[in-house]
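Given next are the chains, with one letter for each unit.
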Amino acid sequence: MNDIRNIVILTGAGISAESGLKTFRADDGLWEDHPVEEVATPAGFARDPDLVQRFYDERRAQVMAANPNAAHLALGRLDSEWRPERQRGNLLIVTQNIDDLHERGGARRVLHMHGEALSAWCTTCDARHPWRATLRNGPPCPDCGMASLRPDIVWFGEMPYQMERIYRALAEADLFVSIGTSGAVYPAAGFVQEAARAGARTLELNLEESLGSRFFDETRLGKASDLVPALVEELLAQA
């Protein structure tokens, strides 16, 4: 992998599954035994806010109980050692996951395109705050005092965060890596084609071939905790 400077890495549920966090939803269309429409749409929140707040209270507790695995730690090492001032280039880790395991694994250049479980968003003043407690009792926003906090999660029908920044990074990438994703959820599923159009090499790391495997230059199959540390060693060895 010589001549690689700018890297974009997309991570999905597969990288956190080895830490005990369940993937987004099962084949039956349920998410933790709830229809997605009930707990992951603005309409569902308007219809039954208590159910939605309880659901994300549970997700928040699960995230706090989980620990980063070898894949998260390897990406944290890559984040630390892949520096522009060392004539390497840029790195952006774009995650579809709402957990903070990348950050606890040492990564800092992380973009949560679908939001964060440990964050609350005030729909009155648009402020976002780190949040680990319940939201079910209508706590006031620390900024404006209004009881209008909701999970800082991108629901179906809402725009993922910082898409312009992501597409800029893809346009400049020399390498695009997808880790533990299904290739079924857009817009993230289209990132590989964006990167390829810009001339990037594309690599997929997954337990099994995804719906988008045919778009990648190379697919490596196995556990993220095995494949990711090996890839990081390969990248850092080119220095």
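Residues numbered from 1 in each chain as written. Predicted model: local features only at pLDDT ≥ 70, side-chain atom pairs only at ≥ 80, totals over all residues. Heavy atoms only, no water.

Going by an unreviewed UniProt entry, the protein chain carries the name NAD-dependent protein deacylase and comes from Alteraurantiacibacter palmitatis. Regarding the protein chain, the relevant UniProt record gives this comment under Subcellular location (unreviewed entry): "Cytoplasm". Under the UniProt heading Sequence similarities (unreviewed entry), the note attached to the protein chain is "Belongs to the sirtuin family. Class III subfamily." (UniProt positions renumbered as here; feature names shortened; annotations may be inferred.)

If you trace the three strands from one edge of the open sheet to the other, you get β7-β6-β8, paired in antiparallel fashion. The two strands at the open ends of the sheet, each matched to only one other strand, are β7 (128-130) and β8 (149-153). Direction aside, neighbouring strands of the sheet carry axes that sit 45 degrees apart on average. Here strand β6 (residues 115-122) pairs with β8 via four bridges, running antiparallel. What sits directly across from A120, in β8, is P151. (Pairing = 2+ DSSP bridges. Helix = DSSP H or I, 4+ residues; strand = E, 2+ residues; numbered from the N terminus. Axes fitted to C-alpha atoms, helices over the stretch in contact; angles between N-to-C directions.)

Let us now look at the pattern of salt bridges. Summed over all chains, the structure comprises 16 salt bridges. As a salt-bridge pair, D126 and R128 come within 3.7 Å of each other at their nearest N and O atoms. Given a relative accessible area of 47%, D126 falls into the partly exposed group. Among the residues examined, R128 registers a relative accessible area of 36% and is labelled partly exposed. One network of salt bridges, in which partners are shared, links R201, E218, R220 and E234. (Salt bridge = Lys/Arg side-chain N within 4 Å of Asp/Glu carboxyl O. Buried < 20%, exposed > 50% of the residue type's maximum accessible area, 1.4 Å probe, protein only.)

Here the structure, examined in full by the defined rule, presents five aromatic pairs. Judged by centre distance (5.4 Å) and plane angle (50 degrees), the rings of F45 and W155 are tilted. Of this pair, F45 sits in helix α3 (residues 42-47) while W155 sits in the loop between β8 and α7 (163-172), and the two are 110 residues apart along the sequence. W155 shares its class with F45; the two are buried. Note on Y167 and F191: the rings are 5.8 Å apart at their centroids and 85 degrees apart in plane angle, and the pair reads as edge-to-face. Here the residue Y167 occupies a position in helix α7, and F191 occupies one in helix α8 (residues 191-197), the gap between them amounting to 24 residues. Looking at Y167, the relative accessible area reads 32%, which means it is partly exposed. Site record: aromatic cluster; members linked through ring pairs are F45, F55, Y56 and W155. One Lys or Arg, R59, reaches over the ring of F55 and ends 4.2 Å from the middle of that ring. (Phe/Tyr/Trp six-rings, centres within 6.5 Å; stacked < 30°, edge-to-face > 60°. Lys NZ or Arg CZ within 6 Å of the ring centre and 35° of its normal.)

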